[in-house]
Structures are given as C-alpha cells and as structure tokens.
Amino acid sequence: MDVVELQVLSEKQITNQIIRAIRSSLDLETIFNIAVNEVGKFLQVDHVKISEFISEEKGWLTVAEYLSHPGLAKSIGTYIPDKGNEGTAKLKRLEIFRIDDTNNCDSEVTRQIAQTFPGAWLILPLHVNSVVWGSLCLLVDGRPRYWQPEEVELITIIADQLAIAIQQSKLFQQTLSQAQQIQQLAEQEVCKALQRERELSEAKSNFIATTSHEIRTPLATIQSSLDLLQYYNDKLADEKKKSHFRKIETAVQRIKQIVQDTLLLSESEAGTLQFELKRIDAVKLCKEIIEVFIDRHRIEFSTNGDITPVKLDSKLVSYILNNLLENALKYSSPNTTVKFNLNFTPEAVIFMIQDQGIGIPKEDLSNIFDSFYRADNVGLSSGTGLGLAIVKQCVDLHRGKITVHSVINQGTTFSVTIFQTN
Ligand code: ATP
Ligand code: MG
C-alpha cells in the first residue's frame, strides 16, 4: 500500500466517523453542530456553515457555524441574499458552487459577499427529495484554495448524509408531533369519557331516587288498602271492598308502568333497544292503542291523506302514542276532548295529538324531553317525567321529528313526523 492509498483510507475512516456522528442524533441542532465542527477540523478550513433556504425574498439563513479562530466574521442568524445571486441559483439547481479565489469572481452579489468573506469558497446544496433545503458552505479566510477533486468528493458524501439526517429528523419531528397530537386527543377522550361516566352515575342516582320515591306512593296505597281489607273484612261494605281492590289494581298498574319505563330508557341508553321497520296499517295501530285507555271516549280520532301502509316500528310507535295520549288526557280536564289526527303525506306519516289542557310554561318547553323533568304547573298529577324522554328516544331511532306547541291554560299540541323513504 503506498502513501496515497493510506491517506485515502484514513480520509474514508474520518468520513465514516463524521457520518456516524451525524447519524447519532435526531435533533437538528446537534446534527448541525457536529457536522460543522467535524468538517472544519477535518478539512482544515476556517469557516464552515450550514444555511437554510427560507424564501426568495428572505434568502439563506445561517443556522450553524464553525470558526477556526475568534477573529473571523460571524454569520449565525444572518441572511445571505438570494435575488440576483449566481451562487445560490446554482445551489437551487442542485449544483456545487465553488470559488477558489474570491479576487477572481465577476458577479456583483458574490463580490459584495466576498468583502466580508474573502478567500476561497466551496458551497454544496443540501437537498431533500431533490428539493433544495439549504447549503453546506466551507470557507478559507483571506487566501485562495484550489479545492481538490478528492476533497470535493468527500464533502459531497458528507453533504448527502447531512441531507438524509435532515430528512430523518424532520420525519421524526413530524411523527413526534403527530404522536403528541394523538396523545392529546386520547387524553381529551379519556376526560370526556370520565365526565360522561360521572354524569351517567349522577343520572343513575337521580334515577334510582326518583323511581323509588314514585314507587313508594302506590306501594303505600296497596299497603293501606290491604290492611283495611285484612282487619275490617267483615265490617266493610261490598262497595267499599271493591273500591279498595280497584285502588290496589291502579297502584299495581302504576308500579308496572314505572318499571317498564325505567327498563325501556336504560335499554335505549345502552343502545340495545330493538328497532325494526315494517310496513304496517297505522290506522289499525292507532285504534288499538286508543281502545286501551279507560277514558277513550274523550279521544277524537281522524285521518288525512291517502291511507297506505307505512314503514315504522310498531312497538316503538306504540310507546310514543301511549305516552302522548296519556299526557294529553292527564293534563287536561275530564270534560274536554283530545284530538288525535293521523296524516299521510307522500314523504311522511304525521301523528298529531292536541289537548285543551293546562299547557306547558314557555321556560319549561326546552326541558320536557329530559328524564325526570316535570313542569311546575302539574299540581298533584302523578308522574316520573320519563314518558317524553322515552318518546324522544323512539322518535330519534326512527330519525323522525317531534314538535310541541303549547299555550298555558289553552292546550298543547304534539306532532310526530316519521319520514317514509323508499
Ligand atoms: P310519566 O313519566 O309518568 O309520563 P310525566 O307525564 O310527568 O310522567 P312526561 O310525560 O315525560 O312526564 O312529561 C314531562 C312533563 O311535560 C310533564 O311533567 C308536564 O310538565 C309536561 N307535559 C307533557 N305533556 C303535557 C301536556 N299534554 N300538557 C301539559 N303538560 C305536559
Ligand atoms: Mg307522561
């Protein structure tokens, strides 16, 4: 092996060392500092800098530099102009820009820069995916240097490795910020879930408190009627006995209703409420529902439009109509009528229930579909405030629409639209 071969080998080893050092970090500042210092010492130049191309207006910003001695002009944080600069034009074409002696340069911009940095320059483009990112610049202060082909070759390898490191660092930063965003989102989701959990648990306690309170009233009725029947069986007239049995029956019905509503709502909240659209005879369904009411004689049923089979879930629509009719009868005087209209249009089937009752105060209208919500004007009429919450859930499952219009002491109209898509 002759001396030249030995020198090439050691240069290769040093290049590899620089490349390993550059690759050892993913932090751009660290990579740049390693690169400028190692290249400066290795090639024995006075000034090495890395510049980032910002824009044609702003130019090339020096982001890292190595100075062989303190007397040299610093350029970190300053811009080199891009406009009219033949050197940077070459870099943008991904070509090397070299000046062995600044005394021999002919471009105006280059001459101006050479006033601050006289000597010799070797500037290489740093490019990511064939787009210039910036430059690696080697300067020899105040004297010419005739850059050797081996030097240019080595520095080109280092510049290429530097560009790869820049690309990797950018990718790493991008991944890091994406990971941070994902973490933030996950944290927000967890917070939301916790908040929802808290709300649900509050709602549950509220639910249990109200339902048990509501069940206690009919239970007390059952208890007292049973006591009377048990202890005064021989003394009670038949009529009195019958009245107590009726009371017990009504109370049992009430408890059954509360338990049913509670189950229905919890199923609906858990998303397990069965929902199946079927073409049915809506007029027949309405008539069957009316039949079940004790004061059915107060309900005036009518239809509009062409009666045709409509697509809906008959069980859920029964819940809707039962609750709306029950409310209409409950919140109005027994000597008034309740209008129940079924309207068939080409796009939808509309159920309208209109009473002449106590009405709903304006300030309560936006809350009546919430579980347990009851307006102040209900007086002594019994109820848990679950009916309309169930109605709303059933209408939503149909992707339908419910509207309410109410005037205090004049009456209330609920209207449910179930759209008919083919
Ligand atoms: P239940 O759970 O037994 O149905 P509720 O009737 O009180 O109890 P909802 O049916 O959910 O509960 O109705 C909520 C509230 O809306 C009622 O308490 C009442 O204040 C008001 N409301 C509903 N329908 C009418 C109506 N037709 N006229 C007047 N107020 C009504
Ligand atoms: Mg009700």
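Residues numbered from 1 in each chain as written. Chains lettered and ligands numbered in written order. Predicted model: local features only at pLDDT ≥ 70, side-chain atom pairs only at ≥ 80, totals over all residues. Heavy atoms only, no water.

(A) Region of interest: the environment of aspartate 141. Within the secondary structure, aspartate 141 sits in strand S6 (residues 131-141). Each C-alpha atom, one on aspartate 141 and one on alanine 375, is 89 Å from the other, the two residues being 234 residues apart in sequence. Ignoring any residue separated from it by four or fewer positions in sequence, one finds aspartate 141 in contact with Asp46, His69, Leu72 and Pro118. (Helix = DSSP H or I, 4+ residues; strand = E, 2+ residues; numbered from the N terminus. Contact = heavy atoms within 4.5 Å.)

(B) View of the sheet that holds strand S11 (residues 348-354). Spatial strand order, S8-S10-S11-S13-S12: five strands in an open sheet with mixed pairing. If you trace the sheet from one side to the other, it starts and ends with strand S8 (299-304) and strand S12 (401-407), each paired once. Each adjacent strand pair in this sheet contributes to an overall mean axis angle of 15 degrees, direction not counted. The sheet contacts of helix H7 (residues 282-292) involve S8, strand S10 (338-344) and S11, and relative to S10 the element is tilted by about 165 degrees. Together, S8, S10, S11 and strand S13 (411-419) form the strand contacts of helix H8 (residues 314-330), whose direction differs from that of S11 by roughly 20 degrees. (Pairing = 2+ DSSP bridges. Axes fitted to C-alpha atoms, helices over the stretch in contact; angles between N-to-C directions.)

(C) How the structure looks around the nonpolar core. In terms of nonpolar packing, the biggest core is built from 45 residues, with Leu312, Phe340 and Phe351 touching the most fellow members. Only helix H6 (238-270), H7, strand S9 (310-312), H8, S10, S11, helix H9 (387-397) and S13 provide two or more residues apiece to this core. With eight residues, H8 is the largest single contributor of residues to this core. No fewer than three residues from each of domain 2 (177-270) and domain 3 (278-419) sit in this core. Listed in part, the 32 residues of the second largest apolar core include Ile22, Ala35, Val152 and Ile155. (Core = buried A, V, L, I, M, F, W, Y, C linked by side-chain atoms within 4.5 Å. Buried < 20%, exposed > 50% of the residue type's maximum accessible area, 1.4 Å probe, protein only. Domains from an automatic or database assignment.)

(D) Molecular detail of the side chain of glutamate 151. Positionally, glutamate 151 belongs in helix H5 (residues 149-231). On the basis of relative accessible area, glutamate 151 is assigned to the buried category, the value being 16%. Of the polar contacts made by the side chain of glutamate 151, one reaches the side chain of arginine 145; its length is 2.6 Å. In this view, glutamate 151 contacts Leu43, Arg145 and Tyr146; residues no more than four positions away in its chain are not counted. (Polar contact = N/O pair within 3.5 Å; in protein donor to acceptor, adjacent residues only side chain to side chain.)

(E) Quick peek at the site of ligand 1. Surveying the vicinity of ligand 1 reveals 22 residues, the closest of which are Tyr331, Asp355, Arg374, Leu386 and Leu388. Aspartate 355 places a side-chain nitrogen or oxygen 2.8 Å from a nitrogen atom of ligand 1. Between ligand 1 and the protein, one listed contact pairs an oxygen atom with a backbone N or O atom of glycine 385 at 2.9 Å. With the chains in place, 99% of the 590 Å² that ligand 1 exposes on its own is no longer accessible. One can see that ligand 1 is located within the largest cavity. Broken down by element, the residue count for the shell around ligand 1 peaks at three residues, all from H8. Looking at side-chain class alone, the shell around ligand 1 contains eleven nonpolar, seven polar and four charged residues. (Near = heavy atom within 4 Å. Areas by Shrake-Rupley, 256 points an atom, 1.4 Å probe, with all protein chains shown as cover. 1 Å grid on protein atoms, 1.4 Å probe; cavity = no way out; pocket = protein on both sides within 12 Å on 5 of 7 lines; lining within 4 Å. Sits in = over half its atoms within 2 Å of the grid points. Nonpolar A, V, L, I, M, F, W, Y, C, P; charged D, E, K, R; others polar.)

(F) Here's a closer look at the packing of aromatic side chains. On inspection of all chains with the given rule, the structure shows five aromatic pairs. Here phenylalanine 97 and tryptophan 121 contribute two aromatic rings whose centre-to-centre distance is 6.3 Å and whose plane-to-plane angle is 65 degrees, an arrangement assigned as edge-to-face. Of this pair, phenylalanine 97 sits in strand S4 (residues 97-99) while tryptophan 121 sits in strand S5 (residues 119-128), placing them 24 residues apart in sequence. Note on accessibility: phenylalanine 97 and tryptophan 121 belong to one class, buried. One Lys or Arg, lysine 49, reaches over the ring of phenylalanine 117 and ends 4.4 Å from the middle of that ring. (Phe/Tyr/Trp six-rings, centres within 6.5 Å; stacked < 30°, edge-to-face > 60°. Lys NZ or Arg CZ within 6 Å of the ring centre and 35° of its normal.)

(G) Spotlight on the packing of H7 against H8. Packing of H7 against H8 leaves a shortest axis separation of 10 Å and a crossing angle of 45 degrees. Our classification of the angle between H7 and H8 gives oblique. Crossing angle aside, the handedness with which H7 passes H8 is right-handed. For the pair H7 and H8, the contacting residues are Leu285, Cys286 and Ile289 in the first and Ser314, Val317, Ser318, Leu321, Asn322 and Leu325 in the second. (Parallel < 35°, antiparallel > 145°, perpendicular 65-115°, else oblique. Left-handed = near helix turned anticlockwise from the far one by under 90°.)

(H) Region of the structure containing the domain arrangement of the chain. We note that the domain assignment places domain 1 (3-168), domain 2 (177-270) and domain 3 (278-419) within the chain. In this structure, domain 2 and domain 3 have C-alpha centres spaced 22 Å apart. Each side of the interface is counted separately: domain 2 has eleven residues, and domain 3 has ten residues. Interface area for domain 2 against domain 3, summed over the two sides, is near 1,100 Å², with a carbon-plus-sulfur share of 68%. When residues of domain 2 are sorted by the area they lose upon contact with domain 3, Asp261, Leu264 and Leu265 head the list and together hold 42% of the total. (Buried area = accessible area lost by both parts, 1.4 Å probe.)

(I) Layout of the sheet that holds strand S1 (residues 47-55). One open sheet holds the six strands; their spatial order is S3-S2-S1-S6-S5-S4, and the pairing between them is antiparallel. The sheet is open, and its two edges are formed by strand S3 (79-80) and S4, each paired on a single side. In the sheet, strand S2 (residues 59-67) pairs with S3 via two bridges, with the strands oriented antiparallel. Across the sheet, leucine 61 pairs through a bridge with tyrosine 79, a residue of S3. Packing against the sheet, helix H4 (residues 108-116) makes contact with S3, S4 and S5, and its axis sits at approximately 115 degrees to S5. Along the sheet, H5 makes contact with S1, S4, S5 and S6, crossing S5 at roughly 40 degrees.

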